[in-house]
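Chain residues, written in single-letter form:
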2 protein chains.
Amino acid sequence: MNVLIIGGGGVVGQKLAGLLARTGSLRGQPIGHLTLADLNDPAPVADAPFPVTCTRCDIADPVSVATCVTEEVQVIYLLAAIVSAHAEEDFDAGMRINLMGSLNVLERARALGTKPVVVFTSSIAVYGGEVPDPILDHTYLNPQTSYGTQKAIGELLINDYSRKGFIDGRGFRLPTISVRPGKPNRAASSFMSSILREPLNGQEAICPVDEDFPHYYLSPRKCVENLMKGAEIPAEELGQNRCMMMPGRMWTIRQVIDAMTAVAGPEPAKLIRWEAQPEIQRIVKGWRFDLRPEKSLKLGLTADASFEDNIRYYLEDDKPVG
Amino acid sequence: MNVLIIGGGGVVGQKLAGLLARTGSLRGQPIGHLTLADLNDPAPVADAPFPVTCTRCDIADPVSVATCVTEEVQVIYLLAAIVSAHAEEDFDAGMRINLMGSLNVLERARALGTKPVVVFTSSIAVYGGEVPDPILDHTYLNPQTSYGTQKAIGELLINDYSRKGFIDGRGFRLPTISVRPGKPNRAASSFMSSILREPLNGQEAICPVDEDFPHYYLSPRKCVENLMKGAEIPAEELGQNRCMMMPGRMWTIRQVIDAMTAVAGPEPAKLIRWEAQPEIQRIVKGWRFDLRPEKSLKLGLTADASFEDNIRYYLEDDKPVG
C-alpha cells in the first residue's frame, strides 16, 4: 500500500503519519511507502516500519502536484488548505489553494486513470446561515466564510469525481480539534485549545467567551483514527454521498474545564483568565455546534467518549516533557 | 439600467429579452441598453424600446467575458451552460463552461468593482441521491450528474462573492420548463414538452413513461417573469442564502395531458403513442419532484396556477403560425 499525505507537515498530517507508522497497514495491506508532502519540507516520521519520503508540494501548481501524485499512489490524503482567517483575508489565496489546489489534485488523479482512494478533509465551517438546528446528514451546506465555501465545493467535486469513477473519494467534515498541540494560532477557535493546553503546561491562558459557550469538539487522536477508518470504508457502503460529518461531541467551556480538573487536579483551571473579547465572540457565536453525524457513526467512525479523554490524550501524546 | 444576458440566444434568454423589451424597465429604472451574448450570434429582439446589442461570448474564455461584462453593465443574467446530457458525455466541456465559465464571469465582475446584480440560473438537478422527501429550502444538494454538480458549485460561488460584496448575486433552481417551444432535444426530459407541443402542432409524439409519472414543471412564461422579479428582490430580503428553488408545480403525465385536452379539445391527445423506454425511465425516475419552494414563494416568485395555463401560454406565445 502506497500512501500520500498532502499537507503532511500540519498537526493532523503529522499525527496521521505517526498512526500509520504504528499501525503499519491500511485497507488490510501492509504500507510499502509513505510520502509526506507540504509547502515546506514536512518533518519525517519516527520509527516507521516502511520508507518515508518527505517532499515539497504546492497544490496550487499542477506541475508540483504531478511530482507527488504518481501512479504508484493508492491512497491520497488531501489535508492541505489555508485556514479560515487566512482565506477570509486573502480571497485569491483561498481560491487558488483551497479550490484550484483541490481541483489540481483531482484532475491529476483522473489523468493517471489509477482511481486512487482520496480522503478529503472538509470542515464544519460548511455549516452556517439560516438552517434549522440540529444539523443532520441532509442539512443544506450554507457556509458563511470563503474557507467553508471552498471546502463545500471540494466536497461536491469529491462526489462527482467518484460518481464518474475517476477516484474513490471520501470527505469528512472535521469538528474543532482540541486539545491541539503546539502554539496558539490566529484562528478564532484557537482559545478552545489554549485554555486547556497552556494551563496543563503551567502557563496562563485567556478565555474570551462565557463558560456556557457550547461547541463541537474532537481530539486529534480520534481525528486521525477516523481518517484511517475513513480510507477503509468499502466504497459500496458510502452510498450516493461520499462526504459526511466526522463525529464529535458538543461541550460547554465549563464542561471542558471541569474535565481538565477531573484529570489534572484543580491547579490548571486557576491559570485561566476570563476576559470577554467581543470580536472573537461575534465570530464563534455564528458557528454551529448541534451536529448529528448519524451516517459516519453508522459507518464506524467515533467521537471521544468524554472530554476527560481529550485531556488524557493531550497529556499522553503531546504535553512537552520537562 | 444596462442589462446583459449571457446565454441570450437560448430559449430562456430570448424569452427574457422579449419580456424586458415589453416591460421597458428593471429594478424600477428604464432599461437604457440590453446586450444579448451567446456562443453564436443571438437573434435580436423585436420592438425593443431601447438599443439591443447582439454579441458573441465564450464564457470559458476570460478575454471574451471581459468584452461583454463591462463596467456599464448593472444587471447580468448568467444563463449560459451546456446541458445535462452534454456535460455528462464531455466532462471537460462541463467543467470548462459550467464551472470555470461561471467563475470567469464572477471574477470579471469582481475585478470591475462595480458590484453588479448577477442572476444565476441553477437547476433542480442539484437535488438527488439519498435525501428525504419532500425537498425543503434547507435540503442538502446532492447532485447525481456533473451538470448538477457544476450548478451547485455555481450557487456556492454566487453566495460567497455576494457575501464578500463583490456582486449582488441571486440564484434560482429552474424546474423542468414545459411547454418548451422549438424542436425536441437530446435531454431525457425532452418528452415532457414533446408530448404536448407536437400534438398541439398536429404531429405525433412518443411518451416513454407511464401516465402516473410525476414531475416538477414551470412554463417558460412564468420562468422569465420569475427571473425578472429575481433581479428586483432587495438584497436585504435574500438573507444568508441567495440561491433557492424557483417555484414550480408537481403534475403527473395524466394531469398534463388532461390539461391539454381541457384547453385544446380531445384531438391532440390521440396523437400520443405510449412506448415504454427503459433507459429514459431509468434516468427520469431518479429525479426529484416533490419540492417545496417556501422561500422564493415568500419573496414573490410564482408558479403556474394550473397546467391549463402552461398549455395556453404555449398556444399564445409559441405555437407556429399556419
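Parameters and conventions
Residues numbered from 1 in each chain as written. Chains lettered and ligands numbered in written order. Predicted model: local features only at pLDDT ≥ 70, side-chain atom pairs only at ≥ 80, totals over all residues. Heavy atoms only, no water. Helix = DSSP H or I, 4+ residues; strand = E, 2+ residues; numbered from the N terminus. Rg over C-alpha atoms; globule rule 2.2 N^0.38 Å. Buried < 20%, exposed > 50% of the residue type's maximum accessible area, 1.4 Å probe, protein only. Core = buried A, V, L, I, M, F, W, Y, C linked by side-chain atoms within 4.5 Å. Contact = heavy atoms within 4.5 Å. Phe/Tyr/Trp six-rings, centres within 6.5 Å; stacked < 30°, edge-to-face > 60°. UniProt positions renumbered as here; feature names shortened; annotations may be inferred. Salt bridge = Lys/Arg side-chain N within 4 Å of Asp/Glu carboxyl O. Polar contact = N/O pair within 3.5 Å; in protein donor to acceptor, adjacent residues only side chain to side chain. Nonpolar A, V, L, I, M, F, W, Y, C, P; charged D, E, K, R; others polar. Least-squares fit on C-alpha atoms with pLDDT ≥ 70 in both. 1 Å grid on protein atoms, 1.4 Å probe; cavity = no way out; pocket = protein on both sides within 12 Å on 5 of 7 lines; lining within 4 Å. Points joined across faces, edges and corners; volume = space filled by probe spheres on them. Pairing = 2+ DSSP bridges. Axes fitted to C-alpha atoms, helices over the stretch in contact; angles between N-to-C directions. Disulfide = S-S within 2.5 Å. Parallel < 35°, antiparallel > 145°, perpendicular 65-115°, else oblique.

When you go through chain A residue by residue, the secondary structure sums to 11 helices and 14 strands. Computed over C-alpha atoms, the radius of gyration of chain A comes to 19 Å, within 12% of the 20 Å expected from 2.2 N^0.38 for 322 residues, which places it in the range of a compact globule. Projected onto the principal axes, the alpha-carbon positions of chain A cover approximately 55 × 45 × 40 Å. The buried share of chain A, reckoned over its 322 residues, is 57%.

The subject of this paragraph is the nonpolar core. Ile6(A), Leu157(A), Tyr161(A), Ile6(B), Leu157(B) and Tyr161(B) are the most contacted members of the largest nonpolar core, which has 90 residues in total. Setting aside residues no more than four positions away along its own chain, Tyr161(B) makes contact with Phe91(A), Met95(A), Leu103(B), Leu106(B), Glu107(B), Arg110(B), Phe166(B) and Ile167(B).

Turning to the packing of aromatic side chains, a few remarks are in order. For the coordinates displayed, the defined rule picks out 12 aromatic pairs over all chains. Taking the centre distance of 5.0 Å and the plane angle of 75° together, the rings of Phe166(A) and Phe91(B) count as edge-to-face. Within this pair, whereas Phe166(A) is found in the loop between helix H5 (146-163) and strand E8 (168-174), its partner Phe91(B) is found in helix H4 (residues 91-112), the two belonging to separate chains. Classification of Phe166(A) by relative accessible area gives buried; the value is 17%. Overall, the relative accessible area of 5% leaves Phe91(B) in the buried class. Relative to Phe307(A), the ring of Tyr217(A) has its centre 5.6 Å away and its plane inclined at 75°; by these criteria the two rings are edge-to-face. On the criterion of sequence distance, the pair formed by Tyr217(A) in strand E11 (residues 214-218) and Phe307(A) in helix H11 (residues 307-317) is long-range, its members being 90 residues apart. In this structure Tyr217(A) comes out as buried when scored by relative accessible area, which is 1%.

This part covers the UniProt feature "domain: NAD-dependent epimerase/dehydratase" (unreviewed entry) in chain A. This chain's UniProt record puts "domain: NAD-dependent epimerase/dehydratase" (unreviewed entry) on residues 3-203 of chain A. Helix makes up 38% of residues 3-203 of chain A and strand 19%. Its end C-alpha atoms lie 38 Å apart.

Further remarks concern the interface of chain A and chain B. Taken together, the contact pairs 41 residues of chain A with 41 residues of chain B. Taken together, the connections running from chain A to chain B amount to six salt bridges. Residues Arg110(B) and Asp92(A) are paired through a salt bridge, measuring 2.9 Å at the closest nitrogen-oxygen approach. In this assembly, chain A and chain B are joined by 24 residue pairs in polar contact (both at pLDDT 80 or more). Elements with a minimum of two residues in the side of chain A that touches chain B: helix H4 (91-112) and H5 of chain A. At 11 residues, H5(A) tops the list of elements feeding residues into the side of chain A that touches chain B. Looking at side-chain class alone, the side of chain A that touches chain B contains 17 nonpolar, 12 polar and 12 charged residues.

This next bit is on the relation of the copies chain A and chain B. Note on the copies: chain A fits chain B at an RMSD of 0.0 Å, the axial shift is 0.0 Å, and the rotation between them is 180°. Both chain copies can therefore be described as sitting about a two-fold axis. Identified as the residue of chain A closest to the rotation axis by C-alpha distance is Tyr140(A), at 2.0 Å.

The full count for this structure, using the stated rule, is three cavities of 30 Å³ or more. Considering the residues around the largest cavity, the lining is formed by Tyr140(A), Leu141(A), Ala152(A), Glu155(A), Leu156(A), Asn159(A), Tyr140(B), Leu141(B), Ala152(B), Glu155(B) and Leu156(B). Where the lining of the largest cavity is concerned, the elements lending two or more residues are H5 of chain A together with helix H5 (146-163) of chain B. Looking at which element gives the most residues to the lining of the largest cavity, the answer is H5(A), with four residues. Counted by class, the lining of the largest cavity contains eight nonpolar, one polar and two charged residues.

On to the sheet that holds strand E12 (residues 243-245) of chain A, then. All names here are of chain A. Spatial ordering of the open sheet is given by E5-E4-E1-E6-E7-E8-E12, a layout of seven strands whose pairing is parallel. The sheet is open, and its two edges are formed by strand E5 (52-56) and E12, each paired on a single side. The average undirected angle you get between the axes of adjacent strands in this sheet is 20°. Pairing geometry for strand E1 (residues 2-6) and strand E6 (residues 75-78), over four bridges, is parallel. The partner of isoleucine 6 across the bridge, within E6, is leucine 78. In this fold helix H1 (residues 11-23) packs onto E1, strand E4 (33-38) and E6, with an angle of close to 165° to the strand it touches most, E1.

Residue and element names in this part refer to chain B. Under the defined criterion, the tally for this structure stands at zero disulfides over all chains. Between cysteine 243, a free cysteine, and cysteine 223, which holds the nearest cysteine sulfur, the sulfur-to-sulfur gap is 15 Å. Of the residues examined, cysteine 243 reaches a relative accessible area of 2% and is grouped as buried.

Put simply, Asp133(B) and Pro134(B) share a cis peptide bond, and its omega is -10°. When you line up the elements, Pro134(B) lands in the loop between strand E7 (117-123) and H5. Of note, the phi angle at Asp47(A) is positive, near 55°, even though the residue is not glycine. As for its placement among the helices and strands, Asp47(A) is situated in the loop between E4 and E5. Take Asp47(A): its relative accessible area is 75%, and that puts it in the exposed class. Phi at Arg27(B) takes a positive value of approximately 55°, unusual for a residue other than glycine. On the basis of relative accessible area, Arg27(B) is assigned to the partly exposed category, the value being 33%.

Below, the discussion takes up the pairing of strand E6 (residues 75-78) of chain B. Residues and elements named next belong to chain B. Neither face of E6 is left uncovered, since the one carrying Val75 and Tyr77 and the one carrying Ile76 and Leu78 both have all their residues buried. Note that E6 and E7 share four bridges and pair parallel. Opposite tyrosine 77, over in E7, you have valine 119 as the bridge partner.

Turning to the packing of H4(A) against H4(B), a few remarks are in order. When two helices pack together, their arrangement is given by the angle between the helix axes and by the axis-to-axis distance. Close contact between H4(A) and H4(B) brings their axes to 15 Å; oriented N to C, the two are set at 170°. It follows that H4(A) is roughly antiparallel to H4(B) by the angle criterion. Along the contact surface, H4(A) presents Phe91(A), Asp92(A), Met95(A), Met100(A), Leu103(A), Glu107(A) and Arg110(A), while H4(B) presents Phe91(B), Asp92(B), Met95(B), Met100(B), Leu103(B), Glu107(B) and Arg110(B). Residue composition of the contact of H4(A) with H4(B), grouped by class: eight nonpolar, no polar and six charged.

The subject of this paragraph is the sheet that holds strand E4 (residues 33-38) of chain B. All names here are of chain B. Pairing is parallel across the open sheet formed by seven strands, whose spatial order is E5-E4-E1-E6-E7-E8-E12. Here the strands that pair on one side only, and so sit at the sheet edges, are strand E5 (52-56) and strand E12 (243-245). For this sheet, the mean inter-axis angle between neighbouring strands, taken without regard to orientation, is 20°. Strand direction decides the pairing type here: E7 and strand E8 (residues 168-174), joined by seven bridges, are parallel. Opposite valine 118, over in E8, you have glycine 169 as the bridge partner. Running at roughly 175° to E6, H4 makes contact with strand E1 (2-6), E6 and E7 of the sheet. Packed onto the sheet, H5 meets E7, E8 and E12 and runs at close to 155° relative to E7.

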